[in-house]
Amino acid sequence: MAHDIPSNSVRKTPIAASLIAENMTLEGSISADGELHVDGAIKGQVRVSRLTIGDSGRIEGEITAESVEVRGKIIGSVTAKQIRLAASAHVDGDITHEQLAIEAGAFFQGRSLKFQRQPNPATAAILSPKPTEKPADKPAEQPVAAAG
């Protein structure tokens with residue numbers, strides 16, 4: 001017996017990954033909540049949950065994702081919690097991350113920037129460095145004559 005699923009119900013099954021095939025070139029922005037696998041070429045901004053760039057994949061533009069695995073080529077900045085550059089990866093641009101893994105043989109030219117999480121106010125006071133005076137900022141000490 002078939003059951004009709006109401007259109008407002010929550011989808012429980014995972015969404016299938018989208019694929020940009022090797023013979024495909026896309027110009028423009030891509031935004032999705034799911035996974036994207038790129039074997040072709042994209043020129044534009046990419047914002048997805050999980051991104052995999054295959055050996056023949058190429059992205060020119062800004063990438064934002066939760067997780068990025070690169071086996072192909074990126075020209076542009078990448079921002080993600082987890083980034084893995086395989087041995088065949090070629091990245092020319094800044095990477096902002098929480099976790100970064102780079103295999104031997106990968107090419108990376110740019111800055112590696114770690115996410116800066118804001119500590120809560122209670123720990124911020126403990127973790128913040130105390131201001132220190134530089135010796136040049138101190139007034140010169142005057143000798144004290146002994147009373148006698």
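Higher on the page you've got the structure.
A brief structural summary.

Examined bridge by bridge, strand β9 (residues 63–70) and strand β11 (residues 78–85) share seven bridges and lie parallel to one another. Counterpart to Ala65 in the pairing with β11 is Ala80. Both β11 and strand β13 (residues 95–102) contribute to a ladder of seven bridges, which runs parallel. Following the sheet pairing, Val78 is matched in β13 by Ile95.

This part takes up the pattern of salt bridges. Overall, the coordinates contain eight salt bridges when judged by the stated rule. For the salt bridge of Arg50 with Glu69, the shortest nitrogen-to-oxygen distance reads 3.8 Å. Remark: Glu69 occurs in strand β9 and Arg50 occurs in strand β7 (residues 50–53); sequence separation between them is 19 residues. Residue classification places Arg50 among the partly exposed positions, given a relative accessible area of 31%. Put simply, Glu69 and Arg84 hold a salt bridge, and the shortest N to O gap is 2.8 Å. Residue Glu69 is found in strand β9, and its partner Arg84 is found in strand β11; the two are separated by 15 residues along the sequence. Given a relative accessible area of 17%, Glu69 falls into the buried group. We classify Arg84 as partly exposed; its relative accessible area is 31%. Salt bridges here are not isolated pairs; linked through shared partners, they connect Glu35, Arg50, Glu69, Arg71, Arg84 and Glu103.

Let's shift gears to the sheet that holds strand β8 (residues 58–60). Strand order in the open sheet formed by six strands is β2-β5-β8-β10-β12-β14, and the pairing between neighbours is parallel. Taken across any chain shown, the strands that pair with only one partner, and hence form the sheet edges, are β2 (25–27) and β14 (107–109). Looking at each pair of strands side by side, their axes are set apart by 5 degrees on average, direction ignored.

What counts as what
- Residues numbered from 1 in each chain as written.
- Predicted model: local features only at pLDDT ≥ 70, side-chain atom pairs only at ≥ 80, totals over all residues.
- Heavy atoms only, no water.
- Pairing = 2+ DSSP bridges.
- Helix = DSSP H or I, 4+ residues; strand = E, 2+ residues; numbered from the N terminus.
- Salt bridge = Lys/Arg side-chain N within 4 Å of Asp/Glu carboxyl O.
- Buried < 20%, exposed > 50% of the residue type's maximum accessible area, 1.4 Å probe, protein only.
- Axes fitted to C-alpha atoms, helices over the stretch in contact; angles between N-to-C directions.

That is the geometry; function is a separate question.
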